[in-house]
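Tertiary structure, described
Single-letter residue listing:
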Amino acid sequence: MTDDTAEPDRIEQREVRLAKRRRLLEQGGEAYPVGVPVTTTIASLRERFADLEPDTATGERAAVAGRIVHLRNTGKLCFAALQAGEGPLSAMAGGPHRIQAMVSLDAVGQQSLAEFKALVDLGDQLFVAGEVITSRRGELSIRVDEWRIAAKALLPLPNLHAELSEETRVRSRYLDLIARPAARDMVRTRAVAVASLRSTFAERGYLELETPMLQVQHGGASARPFVTHSNAFDTDLYLRIAPELFLKRAVVGGLERVYEINRNFRNEGADSTHSPEFAMLESYEAYTDYRGIAELEQALVQQAAIAVGGSTTVTWTDGTEFELGGEWDRISMYPSLSEAAGVEITPETPMGDLVALAERLEIEVAHPIRGKYVEELWEHFVKGRLERPTFVMDFPVDTSPLVRDHRSIPGVVEKWDLYVRGFELATGYSELTDPVIQRQRFVEQALLAANGDPDAMRLDEEFLRALEFGMPPTGGLGMGIDRLLMALTGEGIRETILFPLVK
RNA sequence: GGGCCUCUAGCUCAGUCGGUAGAGCAAGGGACUUUUAAUCCCUGGGUCGUGGGUUCGAGCCCCACGGGGCCCA
């Protein structure tokens, strides 16, 4: 909306509710009071009175507030189901965050009952106080002797008995959160998972850092950046595509165990596994290597699974049980590719052979780099076969410019990718610490950039200078937080992000 | 970037051969003191994504643009 004074379109139901708001004010009431005197929460009442017999009076008074999600009037008795946003995880979804309010002629008198019927709508935030009872049908209820509107809803709630359309769910997530317990669960699951990551790091003596999001030079990954402009410095700045080069500077400075959980931005397409803005974990640990980091990654994910669902066996939303427990498989990229393709492929396999094979399979490779061909072929032959969580070890050199050469296998670097649920969940390196080789790798990247690869890395002189002061042997880890949630819940990336980007 | 599907009431959707715009929930009026998507009677609510075109006549056919989804690259 460009016109600040523009009113929403005239909606019949909104007009009706605005009239009720006016009537409420004319009677000296408030449509949006500064507060309501609640004494407890719906969830705790549910917990305390879980097993009451039908038609029981507890003799105990309670005052709660919540959104009206069902409203039924039967003349001299009204029923309103109040829903609170809080509540435990999905194991108990569907009930514990709701309680029924019963507004009867006996308890509130004729005038109050009439006002309730005239002024209260489905969707309003309602405060009620009264005795905790169960109805004849056994529903935990409050026999209301005092009620107040806590916030008047001007717009009608969507139909809670039909699925919201994909677009409404993402565009109006607040409605999705009201309507769908699974949407609320996702928010909590995510918070629990991230808290678990932090506590696993804390147990291992890691420090959480915050490195620049606005960078003079982007680096640390192969991706197209978002560009913005600083007026004060009169210079273009990049939203970071990765924090890697700054976290490594921290390791040079003697911070030997560091991690960061924060947003990265990549100016690329969005689909079910990619978002232009995504939360990323990166960690670095001095005096370990990619094998030690694989052990760390496994612990991080398994601890998160336990924190979220109490077990390393996770249950996805489609009901699938997925095993994240135990020691994860480790396979090697070249041997696994050779076996699946039925042809021996090694780091020495000539470019011509790789191109011929790719063409025969109609695999298009964007840039003519040997490593890219190997990775594309590997994805074609092997990726889809992985069912259990699997570390894929030892990648080609020319696609991994920040990783050190393998200690014993020529042409390969000490890097793994972790595949879970068919997508790449995390990556781990024995970090390249040799400033001379690192400079060469950057120069090779610059050549690719000159040849039109927009994802190629740029040479970062300041980072190289830091390396020249000596960076200890280090293992590093990167994991997408959104993807971790996808692995734990079986949902698509848009469901793991509370407010995904929509045009 | 390419292909396919989709946009109709607040929400979710139907709409026949191109001929007066439909349902459920929600809303308004009425009845009802134990309802669980309460029930019963009555009523209101539409710029059919936007802009063109074809036609006597377009929600429907054609073109362009925009939003959303799925598949491929």
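The structure under discussion appears in the preceding block.
Now for a quick tour of the structure. (Residues numbered from 1 in each chain as written. Chains lettered and ligands numbered in written order. Predicted model: local features only at pLDDT ≥ 70, side-chain atom pairs only at ≥ 80, totals over all residues. Heavy atoms only, no water.)

A short note on the overall build of chain A
On a plain count of helices and strands, chain A comes out with 16 helices and 18 strands. With the C-alpha coordinates aligned to their principal axes, the bounding extent of chain A is approximately 90 × 55 × 50 Å. In chain A, buried positions account for 48% of the 503 residues. In chain A, once contacts between residues fewer than 6 apart in sequence are set aside, the share between residues at least 24 apart is 67%. Entry remark: accessible area of chain A is about 24700 Å², with carbon and sulfur atoms responsible for 50%. Each charge class in chain A can be summarised by its mean position, and for the 55 positive and 77 negative side chains these summaries are 7 Å apart. (Helix = DSSP H or I, 4+ residues; strand = E, 2+ residues; numbered from the N terminus. Buried < 20%, exposed > 50% of the residue type's maximum accessible area, 1.4 Å probe, protein only. Contact = heavy atoms within 4.5 Å. Areas by Shrake-Rupley, 256 points an atom, 1.4 Å probe, with all protein chains shown as cover. Lys, Arg positive; Asp, Glu negative; His and termini not counted. Charge placed at Lys NZ, Arg CZ, Asp CG, Glu CD.)

Points about the protein's contact with RNA strand B
Near RNA strand B you find 38 residues, and of these E12, R72, R137, R494 and K503 are the closest. Of everything in RNA strand B that lies within 4 Å of the protein, sugar and phosphate atoms constitute 59%. R136 is positioned such that a nitrogen or oxygen atom in its backbone is 3.0 Å from a base oxygen of RNA strand B. Looking at the surface near RNA strand B residue by residue, the classes come out as 11 nonpolar, 11 polar and 16 charged. (Near = heavy atom within 4 Å. Polar contact = N/O pair within 3.5 Å; in protein donor to acceptor, adjacent residues only side chain to side chain. Nonpolar A, V, L, I, M, F, W, Y, C, P; charged D, E, K, R; others polar.)

Looking at helix α13 (residues 435–450)
Every α-helical turn comprises 3.6 residues, leaving residues that sit three or four positions apart pointing alike. With 16 residues, α13 should cover 22 Å at 1.5 Å per step; its first-to-last C-alpha distance of 22 Å lies within 8% of that length. Turning to α13, its buried residues number three or more, namely P435, Q438, R441, F442 and Q445. Down the axis of α13, the buried side of the element spans an arc of 115°, and every buried residue falls inside it. Those residues of α13 that are exposed and angled more than 90 degrees off the buried face are V436, L447 and A450. Where the residues of α13 are buried, they touch β16 (412–420) and α14 (461–468). Sitting at the head of α13, D434 places a side-chain oxygen 2.8 Å from the backbone nitrogen of V436. (Expected span 1.5 Å × (residues − 1). Arc of directions from axis to C-beta.)

Quick word on the sheet that holds strand β2 (residues 77–83)
In spatial order, the strands read β1-β2-β3-β5-β4; together these 5 strands close into a barrel with mixed pairing. For this sheet, the mean inter-axis angle between neighbouring strands, taken without regard to orientation, is 50°. As judged from the 6 bridges shared by strand β1 (residues 57–73) and β2, these two strands associate in the antiparallel manner. Bridging across to β2, R67 finds its partner in Q83. (Pairing = 2+ DSSP bridges. Axes fitted to C-alpha atoms, helices over the stretch in contact; angles between N-to-C directions.)

Comments concerning the pairing of strand β15 (residues 390–396)
Taken across its 7 residues, β15 has 7 buried, putting it largely inside the fold. For strand β14 (residues 329–332) and β15, the ladder comprises 4 bridges, and the chain directions are parallel. Residue pairing across strands places S332 opposite M393, the latter belonging to β15. Inspection of the sheet shows β15 paired to β16 by 6 bridges, in the antiparallel sense. Note that in β16 the partner of M393 across the bridge is W416.

A closer look at the pattern of salt bridges
By the definition in use, this model includes 29 salt bridges. Residue R180 pairs with D176 through a salt bridge whose shortest N-O separation is 2.8 Å. Both residues of the pair, R180 and D176, count as buried. One salt bridge in this structure joins R263 and E277, with 2.7 Å as the shortest N-O distance. Residue R263 is located in strand β10 (residues 257–265), and its partner E277 is located in strand β11 (residues 277–286); the two are separated by 14 residues in the primary sequence. Residues joined in a network through salt bridges with shared partners are R169, R173, D176, R180 and E495. (Salt bridge = Lys/Arg side-chain N within 4 Å of Asp/Glu carboxyl O.)

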